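One-letter residues, chain by chain:
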2 protein chains.
Amino acid sequence: MPVLVMKFGGTSVANIDRIHRAAKRVAVEVAKGYDVIVVVSAMSGETNKLVGFVNETSQLYDAREYDAIVSSGENVTAGLMALRLQEMDIPARSWQGWQVPVKTTSAHGSARIEEIPSDNINAKFAQGMKVAVVAGFQGISPEGRITTLGRGGSDTTAVAFAAAFNAERCDIYTDVDGVYTTDPRICEKARKLDKIAFEEMLELASLGAKVLQTRSVELAMRYKVRLRVLSSFEEVSDDAGTLVCDEEEIMESNVVAGVAYSRDEAKLTLTSVADRPGVASAIFGPLAEAGVNVDMIVQNISEDGRTDMTFSCPIDQVKRAEKAINTARDKGDYNFSDLVVDNGVAKVSIVGIGMRSHAGVAAKMFKTLASEGVNIKVIGTSEIKVSVLIDRKYMELAVQALHDAFELEKN
Amino acid sequence: MPVLVMKFGGTSVANIDRIHRAAKRVAVEVAKGYDVIVVVSAMSGETNKLVGFVNETSQLYDAREYDAIVSSGENVTAGLMALRLQEMDIPARSWQGWQVPVKTTSAHGSARIEEIPSDNINAKFAQGMKVAVVAGFQGISPEGRITTLGRGGSDTTAVAFAAAFNAERCDIYTDVDGVYTTDPRICEKARKLDKIAFEEMLELASLGAKVLQTRSVELAMRYKVRLRVLSSFEEVSDDAGTLVCDEEEIMESNVVAGVAYSRDEAKLTLTSVADRPGVASAIFGPLAEAGVNVDMIVQNISEDGRTDMTFSCPIDQVKRAEKAINTARDKGDYNFSDLVVDNGVAKVSIVGIGMRSHAGVAAKMFKTLASEGVNIKVIGTSEIKVSVLIDRKYMELAVQALHDAFELEKN
């Protein structure tokens, strides 16, 4: 039998009614002849409640106990889903991470899946079981302790099962009906994409389109797992949602697939830094150690042996960044005149595999923004994206203008 | 190191504050030099919530999934307790049933513990761990599925660990401060017992004094595990609570240890039953199969080959009993004239090991009730107890009168 993996997130199993609804979707796929692996999250709110308990109990908690506690929410939904399927006369049973077993590293709280033996579940499929319901987000360490994969880890669980069982597809049911050319709340012309390439999805996921966890997309790309993102709140047809797949499956696509944005960015500039070999490492080493996610970096042309160094990071990491920089300066690692912080910027990016073979995409982006009177403060590029930092107040305008300029409303 | 088992029930770990309070109690015992095994229930209300989810999801649920779901509450408290102890610099870790492993039968929902290997936990004690926090109520079946022991099963877990680890004592922390001569809500002269024999506790537990689960007392008696019942809401001294122990440990005791009652009883009488060999089996066999807990049975003297058969059962099982009786009659298994149901009775019992060697205890009981004008409807006796069924409206009066007559307020 072909295997299908179906993953239901927290809002899709938020209460008993929604679990029933999700079970009906599973029944549809079973009727098509699939052996189905269902991966479930905890009911929405449950994991936060458990994390709250941990924080109330302990300041510097033991991550092994944290994992044992917060993984319990998924066990409940897995059991309830199995019961509901049985009630519909579909042979099903639940599996907790340690029962499969989902073997992970010992990095509690952010463990990585190392192996998922398929023999236990396949033996049950061979005996007539139609659905294996798996508690997402969790696994077992070499020491026999319960591990969790980190926030959003159930997406990763689902993709890993799809890879281990050579599934035909991995359907991710969520509260949006697919991946859009941009955020429909900002741009009313936003269009749902039928297909998107792994690489594009990866850029969009890490740029702030919160549909899929980045790690799960990376894993899907590595193992060529076809991912479908779709809504659990709408009637589902066979071509619903967005298929995230290998670019070869996408016959012809727009040069630009989508416009992403990240609202809460900050720009930090160190002025008049002595420009000597190793200065970049002296600056950004301590920032990395302090846990600052430095994104874009720009270095001006040097004059008189001194230069300006500018970088961006999430706005809630600015305090940490300032502290790391001042500490490093006080130690004499480097010096500068001023540290200028601009908390009023946003990042807007265009993403598309087509850029690789099309010249002039960045130029068109800059021209579009200029014609709207939007000043570009920092530019960053990769093979398949161009990002700019701009004043936050222009963010929506920039997204709309770029969506128009690249005609993303058209298929 | 001597081992101590401490069990905290649902109200003793109902929230984070209470878990902290319980952890402080554990710290006191650790400071005395014990290696401690803590057994925890789920936060009060959690298990009921999970059972509610199951009932909403499925009518005839798969008990294996039920167990996987309802056992999750204990996992949360076990982790939180371990974290709290670590926060107090006490080396501790949590163990879920399958991790120990607590090996049980496959009777999901009411599994029996078959074996608790002590090597895993003892190895950790040898490495310096001071407290093993165990999730109560749960185990693992030979098939590797999660099992639960039935309501109140955490008491049984605690006693089983005490037996397996040869513990010095098993302290059961609950919301009452010990075992009383009778219910203080009914009789203000009720006195807390310092010690009570296993056999007495067993009669009191099954007679409705809801302090300890009957199974856990049976298990304690079989393995001679000294049990102490005490409150988690009061400052605890070394002689707090009630010690449930072998009768040899109790130097001198009252003839009667306590007065128990059960309010919601029903009395059923089959009149004019043909009195032939096998008729009792014909009547009570089907009742047992229907799950009716028949308690007291009285058969009148036979006249003209016919007799009256009277028995008692919990009031909420009357409908089931009537159905089983009528079905058996319709099948021709036996016949009778009338089935008379009295839903207005209560059971009052006096319990005490001293009865074995003291004559006249029952007579004193009957005389006491007679002098209060209480009519006795049915009498039942065992070696260490005398029970009577009386009109429910006299129940409190009877308990108070018996408490006075046997001078239970005196030590």
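Residues numbered from 1 in each chain as written. Chains lettered and ligands numbered in written order. Predicted model: local features only at pLDDT ≥ 70, side-chain atom pairs only at ≥ 80, totals over all residues.

Visitor: Looking at this structure, I do not really get the overall build of chain A. What am I missing?
Guide: Each helix and strand counted, chain A has 12 helices and 18 strands in total. If one aligns the C-alpha atoms of chain A with their principal axes, the spans along those axes are about 75 × 50 × 30 Å. Residues counted as buried form 48% of the 411 residues belonging to chain A. Look at the contacts in chain A between residues 6 or more apart in sequence, and 75% of them connect residues 24 or more apart. (Helix = DSSP H or I, 4+ residues; strand = E, 2+ residues; numbered from the N terminus. Buried ≥ 20, exposed ≤ 12 C-beta atoms within 10 Å, placed from the backbone. Contact = placed C-beta atoms within 7 Å.)

Visitor: So what exactly am I meant to see when it comes to the interface of chain A and chain B here?
Guide: Where the parts come together, the accessible area they lose is often given as the size of the interface. Of the residues lining the interface, 29 residues belong to chain A; the matching set on chain B comes to 28 residues. At the level of secondary structure, the elements contributing two or more residues to the side of chain A that touches chain B comprise helix H1 (16-31), helix H2 (46-57), helix H3 (63-70) and helix H4 (72-87) of chain A. By residue number, the principal contributor to the side of chain A that touches chain B is H4 of chain A, which donates 10 residues. Split by residue class, the side of chain A that touches chain B holds 13 nonpolar, 11 polar and 5 charged. (Nonpolar A, V, L, I, M, F, W, Y, C, P; charged D, E, K, R; others polar.)

Visitor: Explain the sheet that holds strand E10 (residues 195-197) of chain B to me, please; I cannot follow it from the model alone.
Guide: Pairing between sheet strands relies on hydrogen bonds along the backbone, with the strands arranged either parallel or antiparallel. Residue and element names in this part refer to chain B. The mixed open sheet is built from 8 strands, whose spatial order is E3-E6-E2-E1-E9-E11-E12-E10. Looking at which strands have only one partner, the edges of the open sheet turn out to be strand E3 (92-95) and E10. Geometrically, the sheet is characterised by an average inter-axis angle of 20° between neighbouring strands, direction not taken into account. Of the strands in this sheet, strand E1 (3-8), strand E2 (35-40), strand E6 (131-135), strand E9 (169-174) and strand E11 (227-231) touch helix H6 (residues 153-164), which is tilted by about 180° from E1. (Pairing = 2+ DSSP bridges. Axes fitted to C-alpha atoms, helices over the stretch in contact; angles between N-to-C directions.)

Visitor: Please explain the relation of the copies chain A and chain B as it appears in this structure.
Guide: Two copies of a chain can be linked by a rotation about an axis combined with a shift along that same axis. The transformation that overlays chain A on chain B combines an axial shift of 0.2 Å with a rotation of 180°, and the residual RMSD is 0.2 Å. Both chain copies can therefore be described as sitting about a two-fold axis. When each C-alpha of chain A is compared by its distance to the rotation axis, Ser72 of chain A comes out closest, at 2.7 Å. Looking at chain A, 97% of its interface residues are interface residues in chain B too, so the copies touch through the same face. (Least-squares fit on C-alpha atoms with pLDDT ≥ 70 in both.)

Visitor: Honestly, the domain arrangement of chain A in this entry has me stumped. Any pointers?
Guide: Split into domains, chain A comes out as domain 1 (3-175) and domain 2 (259-405). If you average the C-alpha positions of domain 1 of chain A and of domain 2 of chain A, the two centres end up 39 Å apart. (Domains from an automatic or database assignment.)

Visitor: Help me understand the sheet that holds strand E15 (residues 306-314) of chain A in this model?
Guide: Residues and elements named next belong to chain A. The 6 strands are arranged E14-E15-E13-E16-E18-E17 in an open sheet whose pairing can be described as antiparallel. Single-partner strands in this sheet number two, and they are strand E14 (297-299) and strand E17 (376-382). Mean inter-strand twist for the sheet, computed between neighbouring axes without regard to direction, equals 25°. In terms of strand pairing, strand E13 (residues 258-274) meets strand E16 (residues 339-351) through 10 bridges, oriented antiparallel. Opposite Gly258, over in E16, you have Val351 as the bridge partner. Running over the sheet, helix H10 (residues 318-330) touches E13, E15 and E16 and is turned about 125° from E16.

Visitor: What am I meant to see in the environment of Ser231 of chain B here?
Guide: Residue and element names in this part refer to chain B. Within the secondary structure layout, Ser231 lies in strand E11. Here the alpha-carbon distance between Ser231 and Gly178, two residues 53 residues apart in the chain, equals 7.0 Å. Residues in contact with Ser231, not counting those within four places in the same chain, are Thr174, Asp175, Val176 and Asp177.

Visitor: Sorry, what's going on with the packing of H6 of chain B against helix H8 (residues 214-223) of chain B here?
Guide: The description of two helices packed together rests on the angle between their axes and the distance between the axes. Residue and element names in this part refer to chain B. Where H6 meets H8, the axes come as close as 8 Å, and the angle between the chain directions of the two elements is 10°. Regarding the angle of H6 to H8, the classification is roughly parallel. Between H6 and H8 lies a crossing whose hand is left-handed. Contacts between H6 and H8 involve Asp155, Thr156, Val159, Ala160 and Ala163 from the former and Arg215, Ser216, Leu219, Ala220 and Tyr223 from the latter. Its residues assigned to classes, the contact of H6 with H8 shows 6 nonpolar, 2 polar and 2 charged. (Parallel < 35°, antiparallel > 145°, perpendicular 65-115°, else oblique. Left-handed = near helix turned anticlockwise from the far one by under 90°.)

Visitor: Help me understand H3 of chain A in this model?
Guide: For H3 of chain A, the buried fraction is high: 7 of the 8 residues fall into the buried class. All buried positions along H3 of chain A are accounted for by Arg64, Glu65, Tyr66, Asp67, Ala68, Ile69 and Val70 of chain A.

Visitor: Just to check I follow, could you spell out the pairing of strand E9 (residues 169-174) of chain A for this structure?
Guide: All names here are of chain A. The element E9 is largely enclosed, with a buried count of 5 among its 6 residues. In this sheet, E9 lies alongside strand E1 (residues 3-8) in parallel orientation, the contact comprising 5 bridges. Following the sheet pairing, Met6 is matched in E9 by Asp171. Pairing analysis gives 5 bridges linking E9 to strand E11 (residues 227-231), with the strands arranged parallel. Each residue of the ladder has a partner; that of Tyr173, found in E11, is Leu230.

Visitor: Looking at this model, I keep getting lost on the nonpolar core. Mind explaining?
Guide: Core analysis: the largest hydrophobic core is formed by 247 residues, its most contacted members being Val38 of chain A together with Val38 of chain B. Once residues lying within four places of it in the same chain are set aside, the contact partners of Val38 of chain B are Met6, Phe8, Val26, Met81, Val131, Val133 and Val134 of chain B. (Core = buried A, V, L, I, M, F, W, Y, C linked by C-beta atoms within 7 Å.)

Visitor: Sorry if this is basic, but what is going on with the environment of Thr307 of chain B here?
Guide: Here Thr307 of chain B shows up in strand E15 (residues 306-314). When the C-alpha positions of Thr307 of chain B and Gly97 of chain B are compared, they lie 52 Å apart, and in sequence the two are 210 residues distant.

Visitor: Please explain the confidence of the model for chain A as it appears in this structure.
Guide: Should pLDDT be low for a region, the predicted coordinates there are not to be read in detail. Per-residue confidence for chain A averages 92 on the pLDDT scale, and 99% of its residues sit at or above 70. Interface confidence in the predicted complex, given as ipTM, is 0.79; pTM for the same model is 0.83. (pLDDT = per-residue confidence, 0-100.)

Visitor: I'm lost on the pairing of E11 of chain A in this one. Help?
Guide: The two faces of the sheet receive side chains in turn, since in a regular strand these alternate between them. Residues and elements named next belong to chain A. Among the 5 residues in E11, 4 count as buried, and that is most of the element. Relative to strand E12 (residues 242-245), E11 runs antiparallel, the two sharing 3 bridges. Pairing of Val229 across the sheet is with Thr242, part of E12.

Visitor: How should the environment of Tyr34 of chain A be read in this particular structure?
Guide: Residues and elements named next belong to chain A. When you line up the elements, Tyr34 lands in the loop between H1 and strand E2 (35-40). In sequence terms Tyr34 and Val5 are 29 residues apart; their C-alpha atoms lie 9.4 Å from each other. Setting aside its immediate chain neighbours within four residues, Tyr34 contacts Met1, Pro2, Val3, Leu4 and Glu29.

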